[in-house]
Every structure is written in structure tokens, then in C-alpha cells.
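# Examination of the molecular architecture
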Amino acid sequence: MSLDLYNYRTEKPFTQKNLVTLQDYSRDEIYLLLSTALDLKKKQKAGIPHPYLSGKALGMIFTKASTRTRVSFEVGIHQLGGYALYLNAGDIQLGRGETISDTARVLSRYLDGIMIRTFKQQDVEELAKHSSIPVINGLTDLLHPCQVLADLMTIYENKGALSGLKLAFIGDGNNMSHSLLIGCTKVGIHISVACPEGYMPNQKIVEMARENGKETGANVIITHDPVEAVCNADVVYTDVWASMGQEKDFKNRVEHFMPYQVNNKLFSYAKHDAIFMHCLPAHRSEEVTADVIDGPHSVVFDEAENRLHMHKAIMVLLMGDRKE
Ligand code: CP
Ligand code: NVA
């Protein structure tokens, strides 16, 4: 039976407190997030007010730069009737050594939710452990779950399905590759990851993905061969060769990564109706050529827009009074 996320209903209550990793989520919970985001997108496009978080406050802690995550969470909670506080880690006492656990306990007295972008995944886990309010992972060196939820939404909108599709991730075995490994295998999307030697994804994440795949039928292939990965793919995905915090290493990386550039030749091995995705920001002529990212198969700006709708869904389900 085909998956209808526009009319998805589940009897199971949504009981998650945080979004630290998608590995904690069931397939049903992911479907619920996707259907809520599709519904919120429809309402926003039709101009139907949806003030589900009236008067609620989201704190947004950033220790790294951001365009999409920052703006979409801030605009998103405003559209839901609440408001956001931008908390640059360097400007709050956390940056001067106040502990994460004290920060968590204090912010829990003022706010209704915290979104955090930082380096260590353990810091997000620590924040979630000591907060009585929901904590949302806005990217760490290990994971980027909000991005992958928006990506699954974009894939569904373009393909009308999830399970049984094939996604190829080409490039660095980084936070995006990890979250795609988890997110795809949770919903039955086959995933092939092609990376140069020395830049492979975290083995524990690969093992998690393989376990997920046993439940959902998703195959996981990890290879050094970009053509093998892209062959017959429905979705071709890439990301920068040096993530935030790795900029100094960029020059060393280029020669390893050049054979992994997504250009028209590599893309031609995918299905004729394949889509190209990138979390952005992108570097044209490095991980992707302009003719691919700006070409007819690219959905990168719809993907970026869907961050807004998906972040609203995440906040409604985690911070709202009604658990749908
Ligand atoms: N894709 C993404 O997370 O973008 P930002 O770094 O601009 O938030
Ligand atoms: N891998 C990239 C993703 C940016 C959204 C980084 O961590 O910089």
C-alpha cells in the first residue's frame, strides 16, 4: 500500500521529549513529523493562521554559524505565535565556563524549548539530560537530524514515496552522511555512501543504520566508488568537503575529494528522474558543479524552504500542549 503522508493518522501517542538523534525515533514518529510539516506548509501557503505555540519561547544557542537553521526556527516559532531568543554561546555565561547542566536548569525556568547548534554531540545529550524542557539538536559534528527530516519531506514531495527508493551520498563521511544513514534506514530508503579513504562515516553509525535496515528492508552500502553509489539512485546528495571547524584542513582534503565531485557525468549514472540535494551552504566547483546544483534536477531551494515547515512541526510536536 502506498504511503499517504497528507492523511497520515496514528493511534500511538507522541511521547518524545527531545530531538537529540533520529535514532531515538520510531518510523511512526517520523511519519507524524512529516505529515505535520506537510500540513503546516499547506496552512502557511493558504494563509490559514496556526498559532499552536502562542506565547511560547524558544532559546536558540549557537556556537557555530548558521543561516537556514537560525532564520527558519526564528520565523517558524513566530508563525506559530511564539518567539525566539538568539543566544550566541559567546555572549552567555556558557561561553565563560558555566556548566551545561546549570545552564540547562536555569533556561528550563524561563523557556519552553531549547535548540542548540554546537560541536560535541555529548553536549547536546548533557543539555537534554538536565533540561525539563525539550532540547532540539540543530547540528553537531556528529549529526544533523533537523536537516534530514526536512530532506525526507522533500524526497516525499518529489517522489510520493520513501521506502524502496535509493539515495546516494557522495563526499565526506560527516554529520550529514550520519544523519542520512539513520534517517533513510528508519523509513526504508536504501542508502549508498561513497567517501574517500580516511573520510568514511563513523562505524557505530553505520552499524546502527544496518540494524535499522533489518527492520525496514533498507540496504546500506559503504564504498569508495562514487559511480557504484550513484548507479540507479533516485536521490543524489552531497555536502561540503570541510565542515564547520575543519576549514584549516581544506587544502589537504581537495585532492582526496576531487573524484567525488557531483558533476553531470557522475549524476548521469542516477535514474533519469533523479533529484539532486544538498543541505547548503554549497561550494560550486568543489563538491558540486554549477550545472548540477543550478540545473533542472536540483531541489536544493525547496529543501531549504522545507527546513521552515519541518522545524515548525518539530516545535509543535515537542513544545505544544496537543500531542498529535
Ligand atoms: N543546512 C544548514 O543547516 O544550514 P545553516 O548552516 O545555514 O543553518
Ligand atoms: N557538514 C556541514 C553541514 C552544514 C549544514 C557542516 O557541519 O558544516
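What this report covers is the structure whose coordinates are included nearby. Computed from a predicted structure; not experimentally measured. (Residues numbered from 1 in each chain as written. Chains lettered and ligands numbered in written order. Predicted model: local features only at pLDDT ≥ 70, side-chain atom pairs only at ≥ 80, totals over all residues. Heavy atoms only, no water.)

Evaluation of the coordinates by the stated rule reveals 13 salt bridges. Residues Asp28 and Lys12 are paired through a salt bridge, measuring 2.5 Å at the closest nitrogen-oxygen approach. Of this pair, Asp28 sits in helix H1 (residues 27-46) while Lys12 sits in the segment before H1, and the two are 16 residues apart along the sequence. With relative accessibility at 53%, the residue Lys12 sits in the exposed group. Among the salt bridges present, the one from Asp249 reaches Arg253, with a minimum N-O distance of 2.9 Å. (Salt bridge = Lys/Arg side-chain N within 4 Å of Asp/Glu carboxyl O. Helix = DSSP H or I, 4+ residues; strand = E, 2+ residues; numbered from the N terminus. Buried < 20%, exposed > 50% of the residue type's maximum accessible area, 1.4 Å probe, protein only.)

Turning to the nonpolar core, a few remarks are in order. Counting residues in hydrophobic clusters, the biggest one holds 64 residues, and the most contacted among them are Leu167 and Met310. Not counting chain neighbours up to four residues away, the residues in contact with Leu167 comprise Ile155, Leu180, Cys184, Ile189, His190, Ile191, Ser192, Val235 and Tyr237. Residues Ala194, Val262, Ala274 and Ile293 belong to the second largest nonpolar core, which totals 19 residues. (Core = buried A, V, L, I, M, F, W, Y, C linked by side-chain atoms within 4.5 Å. Contact = heavy atoms within 4.5 Å.)

Taken together, the neighbourhood of ligand 1 is formed by Ser66, Thr67, Arg68, Thr69, Arg117, His144, Gln147, Cys279, Leu280 and Arg307. In this structure, Arg68 approaches ligand 1 through a main-chain N or O atom, which is 2.8 Å from an oxygen atom. Contact between ligand 1 and Arg307: an oxygen atom at 3.1 Å from a side-chain N or O atom of the residue. Taken by itself ligand 1 offers 260 Å² of open surface, and the protein chains cover 96% of this. Of the residues in the shell around ligand 1, the class split is 2 nonpolar, 5 polar and 3 charged. (Near = heavy atom within 4 Å. Polar contact = N/O pair within 3.5 Å; in protein donor to acceptor, adjacent residues only side chain to side chain. Areas by Shrake-Rupley, 256 points an atom, 1.4 Å probe, with all protein chains shown as cover. Nonpolar A, V, L, I, M, F, W, Y, C, P; charged D, E, K, R; others polar.)

Once that is clear, we can look at the site of ligand 2. Near ligand 2, the surroundings consist of Leu139, His144, Asn174, Asn175, Asp239, Val240, Ser243, Met244 and Leu280. Between ligand 2 and Ser243 there is a distance of 2.7 Å, counted from a nitrogen atom to a side-chain nitrogen or oxygen. Here ligand 2, which alone exposes 270 Å², has 94% of that area covered by the protein. Its residues placed into classes, the shell around ligand 2 shows 4 nonpolar, 4 polar and 1 charged.

Let's shift gears to the packing of helix H5 (residues 145-159) against helix H12 (residues 300-319). Direction vectors running N to C along H5 and H12 enclose 115°, while the axes themselves pass 8 Å from each other. The interaxial crossing formed by H5 with H12 has right-handed handedness. Together, Cys146, Gln147, Leu149, Ala150, Asp151, Met153, Thr154 and Glu157 of H5 and Asp302, Glu303, Asn306, Arg307, His309, Met310, His311 and Ile314 of H12 make up the contact between the two elements. Across the contact of H5 with H12, the residue classes tally to 6 nonpolar, 5 polar and 5 charged. (Axes fitted to C-alpha atoms, helices over the stretch in contact; angles between N-to-C directions. Left-handed = near helix turned anticlockwise from the far one by under 90°.)

The next point concerns unusual backbone geometry. Here the bond from Leu280 into Pro281 is cis, since omega is 5°, no more than 30 degrees from zero. Tracing the chain through its elements places Pro281 in the loop between strand S9 (275-278) and helix H11 (290-293). Phi is positive for Leu139, close to 125°, though the residue is something other than glycine. One can find Leu139 in the loop between strand S4 (135-137) and H5. With relative accessibility at 6%, the residue Leu139 sits in the buried group. Positive phi, close to 70°, is recorded for Asn232, a residue that is not glycine. Here Asn232 shows up in the loop between helix H8 (226-230) and strand S8 (235-238). On the basis of relative accessibility, which here comes to 52%, the residue Asn232 falls in the exposed class.

Within a sheet, each strand pairs with its neighbour through backbone hydrogen bonds, oriented either parallel or antiparallel. In space, the 4 strands of this open sheet follow the order S2-S1-S3-S4, with parallel pairing throughout. The open sheet is flanked by strand S2 (83-88) and S4, the only strands paired with a single partner. Sheet twist, expressed as the average angle between the axes of neighbouring strands with direction ignored, equals 20°. Bridge analysis of strand S1 (residues 57-62) against S2 gives 6 bridges, and the strand direction is parallel. By the bridge assignment for S2, Leu58 is matched with Ala84. (Pairing = 2+ DSSP bridges.)

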